[in-house]
Amino acid sequence: MNHLLTLKEFDKDTLFSIIRKAIEIKNKPEQYYHACERKGLLMLFQKTSTRTNLSFQSGIQQMGGYAVPMDWNSSNFSISPIQYEVRYASRNCDVIMARLTNHSDLLELAKYSDVPVINGCCDQYHPCQALADLMTIYETKGTFSDVTLTYVGIHNNVVNSLIAGCMTAGLRLQLVTPIINDASWDEELMQTAYRSGSILNVESLSEALLRTDFVYTDTWVDMEYFHADHYQDEKNRRIQLMMPFQINKESLGGCTPFIMHDMPVHPGFEIEEELIESDQSIIYQQAENRMHVQKSLLLYLLEHQGEE
Ligand SMILES: NC(=O)OP(=O)(O)O
């Protein structure tokens, strides 16, 4: 069964074909109005979402399918082993998209599902986001060759899928990541990426910005801890450590890379407010592309369902 759990799954040809098809779908959506006719997408959420929820629902419905959003905690997934619930669920839908806390639970879903499973963001990976990021870069530059992307922020789930995608697509990726979120760390991925020469750790933000086409930042605080009182000390520690790495006019120092952010944004923290709406910003294009690239992904997974 084909699933998308990390973004390590796709080879270069597959990645390019999904991105190119996404651009085609974006330009001519009417040609795909019936592409998913009567196909059902179960959307399981353990955590909050705006983009993943809206873009998957809109995407499949625009292609003639339907989506069933399900809150994990008010479903019986929360009180019964995953393997039994997903064995049932996959008899009532064609694809499952799940935003779960733990990657291990996604692996369990995928192991027992009879239909493709898409990771809608877990503690270790955010492959749909990385697909949209790569599509946006490809749209903007028309190529991945000789393109440099710089990620500035916490080493987290978003970075892992970005590393996997950049390695496959052939982009140079600079990481300015003074804090590592241990829960997300993937040693094997990092070793492979270092060996491939496609990623470079850079300590100095100003140095990294001098040689980049795109700068990408993300929240400093994990979404599930955003309002948690017990997390306040760690939140304060991160803000203090990361503030010198805020993307702002001063830190850009006259450099004019395209500015990316996976949203939700936290103006005044990882990014200065006025940059969000600046001419350099492609943040909304990047967010919009979630839907287009996920449409392409759904078509790919449905077409290749059952293949090893
Ligand atoms: N970027 C992203 O995944 O957005 P949501 O958390 O709103 O789905």
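Residue indices begin from 1 for each chain and proceed along its sequence in written order. Where local features are concerned, this predicted model is filtered to residues with pLDDT of at least 70; where side-chain atom pairs are given and counted, the filter is 80 or more; whole-chain, interface and lining totals use all residues. The side-chain quantities take in all heavy atoms of the structure and omit both hydrogens and water.

1. Notes on the packing of aromatic side chains
Geometrically, a pair of aromatic rings is defined through the distance of the ring centres and the angle of the planes.
And step 1. Between the rings of Phe, Tyr and Trp (Trp by its six-membered ring), a pair exists once the centres lie within 6.5 Å; its type follows the angle of the planes, with under 30 degrees stacked, over 60 edge-to-face, and the other angles tilted. Counting across every chain of the model gives 8 aromatic pairs.
And step 2. Relative to Phe 144, the ring of Phe 16 has its centre 5.5 Å away and its plane inclined at 75 degrees; by these criteria the two rings are edge-to-face. In this pair, Phe 16 sits in helix α1 (residues 12–27) while Phe 144 sits in the loop between α5 (127–141) and β5 (148–155), placing the two residues 128 residues apart along the sequence.
And step 3. Only protein chains enter the accessibility calculation, which uses a 1.4 Å probe; a residue whose area is less than 20% of its type maximum is buried, one above 50% is exposed, and one in between is partly exposed. Overall, the relative accessible area of 14% leaves Phe 16 in the buried class.
And step 4. The class of Phe 144 is buried, set by a relative accessible area of 2%.
And step 5. The rings of Phe 16, Tyr 138 and Phe 144 are connected pair by pair, giving a single aromatic cluster. Helix numbers and strand numbers start at the N terminus; a helix is a DSSP run of H or I with at least 4 residues, a strand a run of E with at least 2.

2. Some remarks on the UniProt feature "domain: Aspartate/ornithine carbamoyltransferase carbamoyl-P binding" (unreviewed entry) in the protein
And step 1. UniProt positions are given in the numbering used here, feature names are shortened, and annotations may be inferred rather than shown by experiment. Residues annotated by UniProt as "domain: Aspartate/ornithine carbamoyltransferase carbamoyl-P binding" (unreviewed entry) correspond here to residues 3–139.
And step 2. Between the C-alpha atoms that bound residues 3–139 the distance is 25 Å, and the span itself is 43% helix and 15% strand.

3. As for the pattern of salt bridges
And step 1. Any carboxyl oxygen of Asp or Glu within 4 Å of a side-chain nitrogen of Lys or Arg constitutes a salt bridge here. Enumeration according to the criterion identifies 9 salt bridges in this entry.
And step 2. The closest approach of N and O atoms between Lys 8 and Asp 186, which form a salt bridge, is 2.6 Å. Of the two residues, Lys 8 sits in the segment before α1 while Asp 186 sits in the loop between β6 (172–180) and α7 (187–196), which places them 178 residues apart along the sequence.
And step 3. Note on Lys 8: relative accessible area 42%, which makes it partly exposed.
And step 4. When its relative accessible area of 7% is taken as the criterion, Asp 186 is described as buried.
And step 5. With a shortest N-O distance of 3.3 Å, Arg 87 and Asp 114 are connected by a salt bridge. With Arg 87 in helix α3 (residues 82–89) and Asp 114 in the loop between α4 (103–112) and β4 (117–119), this pair connects stretches of sequence that are 27 residues apart.
And step 6. With a relative accessible area of 38%, Arg 87 lands in the partly exposed category.
And step 7. One continuous salt-bridge network, built from bridges that share partners, spans Glu 234, Arg 237 and Arg 238.

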